[in-house]
Structure formats: C-alpha cells, structure tokens
There are 2 protein chains.
Amino acid sequence: MDLQLLEKQLKAVSDTNRLTLLSCLKSGEVCVCDFVDVLGISQPAVSQHLKKLEEAGIITARKLGTWKHYRIVENPSPIIKTVLDQLEERELCNCRPSSSC
Amino acid sequence: MDLQLLEKQLKAVSDTNRLTLLSCLKSGEVCVCDFVDVLGISQPAVSQHLKKLEEAGIITARKLGTWKHYRIVENPSPIIKTVLDQLEERELCNCRPSSSC
DNA sequence: TTAATATATAAGTAAATTATTATATAAGAG
DNA sequence: CTCTTATATAATAATTTACTTATATATTAA
C-alpha cells in the first residue's frame, strides 16, 4: 500500500465519530438514517463522515429506494482490519420508532 | 486496548511528518537533531511531533548528554505494529556535516 | 562562572478539520 | 405533477492542529 493511501485511511479512522460508525458497521449493513441518532450530530455532518470513509476505500454503499445502506468493503487493508479488530461491535436499536427504514 | 488510546494513537500516526519520523525510527534510535533536516521544518515543530508520538505511547527516549535519542517502544500496540509494517525503512545520512551527534 | 549547544515549552498565527444552516437532488406516494 | 422524505452538496462558522518566533532549561566546554 502506498504512503498516501495509508495516510488517507489513518486520517479517516482517527476520529471518534467515524470510529463509532465503523463499530456499528462491524455487524453488517446500516442505513444512514440510523447513524444520525447514534452520533447525535446533524444529518449533513453524518453524510460528510461517511463520504470520508468511502473516499478512503473503507466503506461502500448501495441505494435502496430513497435509503442508502453503507457497509465495510469486502477486503479492507491491513490497517483497517486491525482497527476493526480493536473495535467492539455496536448494536443499533432498529426497533426504535424514529428508525424509518 | 481502550477506545480513547486507540484514537490517540491513530491521531498520532495520521500525519505525513510523523509517519516520516516513524520510517526513520524503524531501523533504530535516532537523534532529534537529525530529524530537523529530514522534515525541513523548525526544531520546535519537530519537538512537538515527537512529543505527540511519545504521549501516545509509540516512541520513547533516552538522554545522552545534551542530545536525546528516540526509539520505538518495545512492544507497540497491534495498530502501531501494522502501521510500521506498511512503512518503508528510511535511512538517515548521519555522515553529513550538519549532523552533530 | 560564562558561553555555547541541544532540546523543550510558551505564545501567537496560519492552515486544516468538523460542525452548522441552507439548499439541491432523487425517489416514492398521492 | 406536487408533496414528502432521505441523502448529498455548498457556504460558512467554530474548533483543532501544526506551524513560527521567542524564550526557558539543561548539559558540556572553556
């Protein structure tokens, strides 16, 4: 892996909110709308965090109607794998009423 | 490893200059004075970068007279080990006249 | 002791990052 | 088509980070 990508990935994961996003994604796909409640920041802020992780090649997305589901890429780099190993899986309570998808 | 330390270490290594410092340290101890030329930034800036790496538990130092030599800690965390694996060792030319130690 | 050198700390500034609010886009419902 | 909802993008404000210059500390040499 080249140095530039390494740095990009490290920058992408060196943030509390984005580490939390990854904790949630450990167990599988998550809808954007669920992240807003988890982080307690605005929807655009969440969107920007997801973009940063996506641009670093850490997560990928698929669209389901108006919703968008993000997941961790198939084969993450060694650094990302190691980071994920250190993170505890975080359950999302999808049963709560505000979850729309 | 707890989440706070994880984030601290990730922040510490997600910077070009500090990754360069680590590349130099892969091969062993390095004197602070040598880093100034390598990075091309001021001496206080180098000192601050080293402090950040030290506070994250990534490097440690010993004093030799007025000089100070830094090295990577004995048993780095899994993340730091993985980062180091991705870095190419970088040789320092200690034979250049400006190297004082 | 005084002078010189290596490094660290402090204070201030510049640059980068992360948030917010406002707005755009895109899909489904009526 | 119009309305609503989910998400993204743009513009900007707030915060954090990384530099610089100036100064302090500590060690050695004279």
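Residues numbered from 1 in each chain as written. Chains lettered and ligands numbered in written order. Predicted model: local features only at pLDDT ≥ 70, side-chain atom pairs only at ≥ 80, totals over all residues.

### Regarding the UniProt feature "domain: HTH arsR-type" (unreviewed entry) in chain A
Thought 1: The positions UniProt marks with the feature "domain: HTH arsR-type" (unreviewed entry) are residues 1–91 of chain A.
Thought 2: This span, residues 1–91 of chain A, is 56% helix and 15% strand, and a straight line between its end C-alpha atoms measures 32 Å. (UniProt positions renumbered as here; feature names shortened; annotations may be inferred. Helix = DSSP H or I, 4+ residues; strand = E, 2+ residues; numbered from the N terminus.)

### Some words on the relation of the copies chain B and chain A
Thought 1: Between chain B and chain A, the superposition needs a rotation of 180° and an axial shift of 0.0 Å, giving an RMSD of 0.0 Å. On this basis, the relationship between the two copies can be described by a two-fold rotation axis.
Thought 2: A share of 100% of the interface residues of chain B reappears at the interface of chain A, consistent with the copies meeting face to face through the same patch. (Least-squares fit on C-alpha atoms with pLDDT ≥ 70 in both. Contact = placed C-beta atoms within 7 Å.)

### Notes on the pairing of strand S3 (residues 67–72) of chain A
All names here are of chain A.
Thought 1: Alignment of strand S1 (residues 30–31) against S3, held across two bridges, turns out to be antiparallel. Looking at the pairing, Cys 31 lines up with His 69 of S3.
Thought 2: Pairing between strand S2 (residues 59–64) and S3: six bridges, direction antiparallel. Bridged to Lys 63 within S3 is Lys 68.
Thought 3: Hairpin connection between S2 and S3: a loop of two residues separates the two successive antiparallel strands, and Gly 65 in this loop has a positive phi of roughly 65°. (Pairing = 2+ DSSP bridges.)

### Some points on the interface of chain B and chain A
Thought 1: Listed per partner, the contact involves 16 residues of chain B and 16 residues of chain A.
Thought 2: Residue assignment for the side of chain B that touches chain A shows that the elements contributing at least two residues are helix H1 (3–13), helix H2 (16–25) and helix H5 (78–86) of chain B.
Thought 3: Counted by class, the side of chain B that touches chain A contains nine nonpolar, four polar and three charged residues. (Nonpolar A, V, L, I, M, F, W, Y, C, P; charged D, E, K, R; others polar.)

### Things to note about the sheet that holds S2 of chain A
Residues and elements named next belong to chain A.
Thought 1: Strand order in the open sheet formed by three strands is S1-S3-S2, and the pairing between neighbours is antiparallel. This sheet does not close on itself; its edge strands, each paired only once, are S1 and S2.
Thought 2: Along the sheet face, helix H2 (residues 16–25) touches S1, S2 and S3 and points at about 90° away from the line of S3. (Axes fitted to C-alpha atoms, helices over the stretch in contact; angles between N-to-C directions.)

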